[in-house]
Amino acid sequence: MGQSNGREAGREPGRERHRGAVTLRRQAITSSTADQHLLDSRGRGDWKTKDAWRALRILSEFVEGFDTLADLPPAVSVFGSARSRPESPECQLAEALGAALARAGYAVITGGGPGVMEAANRGASEAGGLSVGLGIELPFEQGLNDWVDLAIDFRYFFARKTMFVKYAQAFVVLPGGFGTLDELFEALTLVQTGKVTRFPVVLMGAEYWSGLLDWLRDTMAADGKIGPVDLELMCVTDDVDAAVRHIVEAEAALNAEQEAIREEAVADTAADQRAAAEAGSAGDESRGR
């Protein structure tokens, strides 16, 4: 009898997919995702059963994310293409950025995939920082890169997107595709509408973004669809030190602003207490006459 090493014919290691806490391999992998099932407008007859259970699954993703990431140090979310090659300028920039952020005391959060994400995670990890990857179930294989120290796999994009914003002090956006643009414009919308305050958005790879920035200025702003001040929501630089300095200064300004608000609240409370005490003393004196 020949040696099988515990491996049957046709059962060689193959591709795998993570679906939340579940790992699928070989023939167990399906071609659809949880997001596809949730957003499919067909087959609505089962909404009273399946969608109700999906709500619990969605809730569990938020609970898992909040519980896992609650103790993160200050962090920065870094976005960019999964298709970029390791030797590309954006990957080299992302690796240097990840290292600089780690040295400045920030954890680095990415989508956990290859390309720019892997480069940023690698830079942070090699510099001694915490490297976080928030993965997502996709129809095509991607997987978490080897430089992620702390990872969560999500089924639903919107749960994952919440974690990118909630646990980051800033976004840095490097050259990428639709997913990168999605994160960029969501961040800009949140800042523009005041849903998040003093949230730096840094664009790196100035040449790559130049056409988009020209269109925002010459078309959107010129036509009144956004205001001139909205163009100032983005810091554009290829200088890693300048990008990190912009983030650090924004955090310091926010901390100073919050401290001033706290001091004002304490002063107002003390003034109210003095006024109440004086009013009480005046009342006692009038009753004593």
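Everything numeric here is computed off the predicted structure, so don't read it as measured data. Numbers given to residues run from 1 along each chain, matching the order in which its sequence is written. For this predicted model, a pLDDT threshold of at least 70 governs which residues receive local features, and a threshold of 80 or more governs which side-chain atom pairs are given and counted, while totals over whole chains, interfaces and linings are taken from all residues. Heavy atoms throughout the structure, all of them, feed into the side-chain values; hydrogens and water do not.

## Thoughts on the packing of helix α5 (residues 157-166) against helix α6 (residues 178-192)
1) Next: To get an axis, fit a line to the C-alpha atoms, keeping to the stretch in contact for a helix; angles then go from 0 to 180 degrees between the N-to-C directions. Numbering of helices and strands starts at the N terminus; helices are DSSP runs of H or I of at least 4 residues and strands are runs of E of at least 2. Between α5 and α6, the shortest axis-to-axis distance is 12 Å and the interhelical angle comes to 60 degrees. Taken together, the axis directions place α5 and α6 in an arrangement best described as oblique. In the crossing of α5 with α6, the sense of the turn from one axis to the other is right-handed. Here α5 contributes K161, F164 and V165 to the contact with α6, which in turn contributes D182, E183, E186 and L190.
2) Next: Residues that form the contact of α5 with α6 fall into these classes: 3 nonpolar, no polar and 4 charged. Each angle receives one of four descriptions, namely roughly parallel if under 35 degrees, roughly antiparallel if over 145, roughly perpendicular if within 65 to 115, and oblique otherwise. Crossing handedness is read from the near helix: turned anticlockwise from the far helix by less than a right angle, it gives a left-handed crossing, and turned clockwise, a right-handed one. Note on contacts: a residue pair is in contact if any heavy atoms of the two residues lie within 4.5 Å. Residues are grouped as follows: Ala, Val, Leu, Ile, Met, Phe, Trp, Tyr, Cys and Pro are nonpolar; Asp, Glu, Lys and Arg are charged; every other residue, Gly included, is polar.

## Thoughts on the pattern of salt bridges
1) Next: Any carboxyl oxygen of Asp or Glu that lies within 4 Å of a side-chain nitrogen of Lys or Arg is treated as forming a salt bridge with it. Summed over the entire model, instances satisfying the criterion amount to 7 salt bridges.
2) Next: Residues E95 and R122 are paired through a salt bridge, measuring 4.0 Å at the closest nitrogen-oxygen approach. Placement of the pair is E95 in helix α3 (residues 89-103) and R122 in helix α4 (residues 116-126), with a sequence separation of 27 residues.
3) Next: Here the term buried applies to any residue with accessible area under 20% of the maximum for its type, exposed to any over 50%, and partly exposed to those in between, with areas from a 1.4 Å probe on protein chains only. Taking the relative accessible area as the measure of exposure, E95 reaches 29% and is therefore partly exposed.
4) Next: Residue classification places R122 among the partly exposed residues on the basis of a relative accessible area of 34%.
5) Next: Each of E95, R122 and E126 takes part in a single network of salt bridges with overlapping partners.

## Some details on the pairing of strand β5 (residues 131-136)
1) Next: Among the 6 residues that make up β5, 6 are buried, leaving the element largely enclosed by the rest of the structure.
2) Next: Along β5, one buried face is formed by S131, G133 and G135 and the opposite face, lined by V132, L134 and I136, is buried too.
3) Next: Where strand β4 (residues 107-110) lies against β5, 3 bridges are found, and the strand directions are parallel. Bridging across to β5, V108 finds its partner in S131. Two strands are said to pair when DSSP picks up at least two bridges between them.

## With respect to the nonpolar core
Generally speaking, nonpolar side chains in soluble globular proteins are found buried as a group.
1) Next: Residues L69, I109, L134, F171 and F199 are the most contacted members of the largest nonpolar core, which totals 35 residues.
2) Next: When sequence neighbours within four positions are dropped, the list of residues in contact with I109 reads L72, A75, V76, S77, V78, V132, L134, F164 and Y167. Here, nonpolar core means buried Ala, Val, Leu, Ile, Met, Phe, Trp, Tyr and Cys residues that are tied together by side-chain atoms lying within 4.5 Å of each other.

## A closer look at the packing of α6 against helix α7 (residues 206-221)
1) Next: Closest axis-to-axis distance for the α6/α7 pair is 14 Å, and the angle between their directions is 40 degrees. The angle between α6 and α7 falls in the class oblique. For the element pair α6 and α7, the recorded crossing hand is right-handed. The residues of α7 that touch α6, namely those facing T180, L181, L184 and F185, are W209, L212 and L216.
2) Next: Broken down by class, the residue content of the contact of α6 with α7 amounts to 6 nonpolar, 1 polar and no charged.

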